[in-house]
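Residue-level listing of the chains:
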Amino acid sequence: MRTVKIFDTTLRDGEQSPGASMNVDEKLQVAKQLARLGVDIIEAGFAIASPGDFEAIKRISNEVEGPVICSLARAKEADIKSAWEAIKDASKKRIHTFHSTSDIHLKHQFRIDRNEALKRSVNMVRYAKSFTDDVEFSPMDATRTDVGYLCEVVEAVIEAGALTVNIPDTVGYSIPEEFGAMIKEIRQRVKNIHKAVIAVHCHNDLGLATSNSLAAVLNGAGQIECTINGIGERAGNCSMEEVVMAIKTRGDLFNARTNINTEEIMKSSRLITKITGMSVQPNKAIVGANAFAHESGIHQDGLLKEKTTYEIIRPETIGLHKTKFVFGKHSGSNAIRTRLKELGYVLPDDQFMRAMVGYKRIADQKKDMFDEDLEALVSEAVTKVSEVFSLVDMKISAGMHEKPKAMIKLKIKGKDKQKTTTGDGPVDAVYKAIAFLTGTKSRLLKYEVKSITGGTDALGEVMVALEDNGKSMSGHGADTDIIVASAKAYVNALNKLAARKKKNTARL
Ligand code: KIV
Ligand code: ZN
């Protein structure tokens with residue numbers, strides 16, 4: 001059985017999804033989870049794209065062990081140099097450089113001919129090789145490229161030293177039979193193809209990214225580029241959980257395996273949802289809320305008799321356990337630290353203390369604490385952005401026959417400020433008061449609330465997305481009181497916006 005490498009690009013292509021931008025701490029948290037998940041390569045960003053991207057790649061290179069850390073770079077010297085500077089401290093590092101090869105791109109976007117594109121690609125692979133042996137090259141828009149020319153480029157970049165050649169379906173145009181045939185043709189026509197791994201990078205514009213990637217595996221591809229929850233540019237990228245579970249479930253057909261620790265899939269999916277604010281549709285394969293829910297009486301009857309009648313994947317395989325850990329307000333910090341460790345979180349003292357403060361507060365209001373509650377607290381503690389605004393206190397009054405009213409007290413630059421407002425509902429009143437106190441001009445794009453566990457004392461989780469100057473920012477808050485969770489999510493997004501503004505000002 002051969003091993004297909006999983007190249008995760010959640011932090012690069014995934015972050016290109018509208019509204020999915022992550023700050024450096026969040027990216028680090030995702031990278032640590034990707035390492036626990038067992039991905040082979042983390043594409044940590046596009047170093048030259050922004051100082052934030054550069055810093056995130058650098059920190060991931062320094063702090064995350066296990067996977068190869070990779071930065072994207074256009075086929076330009078400055079990009080490649082910057083990619084190298086960002087990844088050079090990693091134990092295992094890769095530069096991924098790319099150039100378009102389709103006539104559409106060459107004629108209309110680059111205004112160069114095929115020879116020039118070939119020359120630039122080869123030269124920049126050689127340049128990248130001067131920094132590290134592990135170089136990947138992508139002929140962008142490969143699926144709309146003349147296949148003869150594509151083979152010529154692939155052969156030339158392998159000759160120049162590329163150890164991985166990635167065939168991207170950049171605009172999600174291909175269909176499985178055709179894409180599989182393209183991989184087969186490359187294997188047959190490119191003389192030195194045995195010196196490189198063939199990777200595939202499929203977009204989901206026609207909903208075929210997973211199918212196309214699997215067709216490529218059947219035809220010899222050795223690396224799949226994908227993202228958690230399939231997030232990514234436009235309709236997204238090939239979804240990691242789908243492609244991995246297809247290979248695992250149908251190992252008989254693929255005669256292949258991956259290095260993914262599938263029990264970490266659900267946790268990874270939840271983390272991405274929380275950080276990006278992009279929810280997964282309930283009927284999404286593998287990680288959707290309904291993926292393991294059986295409604296039909298006939299199915300339930302079969303399942304009760306024998307699980308395999310209607311279940312092709314055991315929920316435990318992707319880490320969907322029945323919650324078993326139950327702690328209360330008297331549980332000590334040692335026990336909680338131990339449980340966090342079992343869940344895969346080893347927190348530095350400051351972050352652990354922050355999580356404990358949250359724990360004590362919630363445990364006072366809630367009888368039992370579950371794994372999911374702990375994970376929500378950890379996420380808050382780890383991703384805490386430097387706070388310009390902090391929520392000090394709030395009071396709400398609402399009822400069927402009175403106008404909802406909210407008093408909000410925020411600490412802003414060391415001073416407490418307070419405002420009372422009315423609104424169409426309690427959340428509206430709270431948001432109006434916060435907007436007044438912070439002076440924000442941002443627009444609320446999304447407000448979503450859900451419960452983390454069952455029961456009326458469950459932690460409520462609120463995700464918001466704001467739009468400010470054409471850019472979006474997500475925020476997240478959790479509390480047993482959903483109005484408090486709503487306030488926290490809004491304040492969290494405003495703090496992230498403020499941090500972004502501060503960074504941009506520092507750059508000018
Ligand atoms: O979709 C694409 O072609 C890309 C390349 C940079 C690999 O993301
Ligand atoms: Zn892409």
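Computed from a prediction, not measured in an experiment: that's the story for all the values here.

**Q** Just to check I follow, could you spell out helix α9 (residues 240-249) for this structure?
**A** For an α-helix, the turn length of 3.6 residues means that residues three or four places apart are oriented alike. Counting buried positions over the 10 residues of α9 gives 7, a clear majority of the element. For α9, the complete set of buried residues consists of Met-240, Glu-241, Val-243, Val-244, Met-245, Ala-246 and Ile-247.

**Q** I keep staring at the pairing of strand β15 (residues 460-468) and nothing clicks. Help me out?
**A** Remember that side chains alternate between the two faces of the sheet whenever the strand is regular. Across the 9 residues of β15, 8 count as buried, placing the element largely inside the fold. The pairing of strand β14 (residues 443-451) with β15 spans 8 bridges and is classified as antiparallel. When the bridges of β15 are listed, Leu-444 appears paired with Leu-466. In this structure, β15 lies alongside strand β16 (residues 471-479), joined through 9 bridges in antiparallel fashion. Following the sheet pairing, Glu-467 is matched in β16 by Ser-472.

**Q** Which parts of the structure should I look at to understand the packing of aromatic side chains?
**A** Between two aromatic rings, the relevant description is the distance of the centres plus the angle of the planes. This structure, assessed with the given rule, holds 5 aromatic pairs. Relative to Phe-131, the ring of Trp-84 has its centre 5.8 Å away and its plane inclined at 25 degrees; by these criteria the two rings are stacked. Separated by 47 residues along the polypeptide, Trp-84 in helix α3 (residues 77-87) and Phe-131 in the loop between α5 (114-129) and β6 (135-140) bring together distant segments of the chain. The class of Trp-84 is buried, set by a relative accessible area of 16%. The exposure class assigned to Phe-131 is partly exposed, which follows from its relative accessible area of 21%.

**Q** Before we go on, may I ask you to explain the domain arrangement of the chain in this structure?
**A** Parsing the chain into structural domains produces domain 1 (2-276), domain 2 (293-382) and domain 3 (389-507). Listed per partner, the contact involves 11 residues of domain 2 and 11 residues of domain 3. When domain 2 packs against domain 3, the two sides together hide about 900 Å² of surface, and 56% of this comes from carbon and sulfur. In this structure, Asp-479 engages Arg-361 in a salt bridge whose closest nitrogen and oxygen atoms are separated by 2.9 Å.

**Q** Just to check I follow, could you spell out the side chain of Glu-15 for this structure?
**A** Locating Glu-15 in the fold gives a position in the loop between β2 (5-8) and α1 (24-37). At 3.3 Å, the side chain of Glu-15 forms a polar contact with the side chain of Lys-27. When neighbours within four sequence positions are excluded, Glu-15 is seen to be in contact with Thr-10, Ala-20, Ser-21, Met-22, Lys-27 and Asp-53.

**Q** Sorry, what's going on with the coordination of the zinc ion (ligand 2) here?
**A** Under perfect tetrahedral coordination by four donors, a metal shows angles of 109.5 degrees; under perfect octahedral coordination by six donors, it shows angles of 90 or 180 degrees. Listed as protein donors to the zinc ion (ligand 2) are Asp-13 (OD), His-201 (NE2) and His-203 (NE2); their distances from the metal cover 2.0 to 2.1 Å. Its relative accessible area of 5% is what places His-201 among the buried residues. His-203 gets classed as buried once you look at its relative accessible area, which sits at 5%.

About the cut-offs
Positions within a chain are numbered from 1, following the residues in the order the chain's sequence is written. Whichever chain is written first is A, and whichever ligand is written first is 1; the rest continue in order. Under the rules for a predicted model, residues below a pLDDT of 70 receive no local features and side-chain atom pairs below 80 are neither given nor counted, while totals for whole chains, interfaces and linings still include all residues. Side-chain measures were taken over the full set of non-hydrogen atoms in the model, leaving aside hydrogen atoms and water. Each residue gets one of three labels from its accessible area relative to the maximum for its type: buried under 20%, exposed over 50%, partly exposed in between, using a 1.4 Å probe on protein chains only. By the criteria applied, helices consist of DSSP H or I runs no shorter than four residues and strands consist of E runs no shorter than two, each listed in order from the N terminus. The pairing criterion is simple: DSSP has to find at least two bridges between the two strands. Stacked, tilted and edge-to-face are the three classes applied to pairs of Phe, Tyr and Trp rings, where Trp contributes its six-membered ring and a pair requires centres within 6.5 Å; stacked means planes under 30 degrees apart, edge-to-face means over 60, and tilted covers the rest. As annotated, the domain borders come from an automatic or database domain assignment. Two residues form a contact once any of their heavy atoms are found within 4.5 Å. Buried area counts how much accessible surface, traced with a 1.4 Å probe, disappears from two parts once they are put together, with both parts' losses summed. A pairing counts as a salt bridge when a side-chain nitrogen of Lys or Arg comes within 4 Å of a carboxyl oxygen of Asp or Glu. In protein, a polar contact requires one atom able to donate a hydrogen and another able to accept it; more generally it is a pair of N or O atoms within 3.5 Å, and residues adjacent in sequence count only if both atoms are side-chain atoms. Sites may look incomplete, because water is not among the atoms used; the donor set itself consists of N, O and S atoms within 2.8 Å of the metal (3.2 Å for Na, K and Ca).

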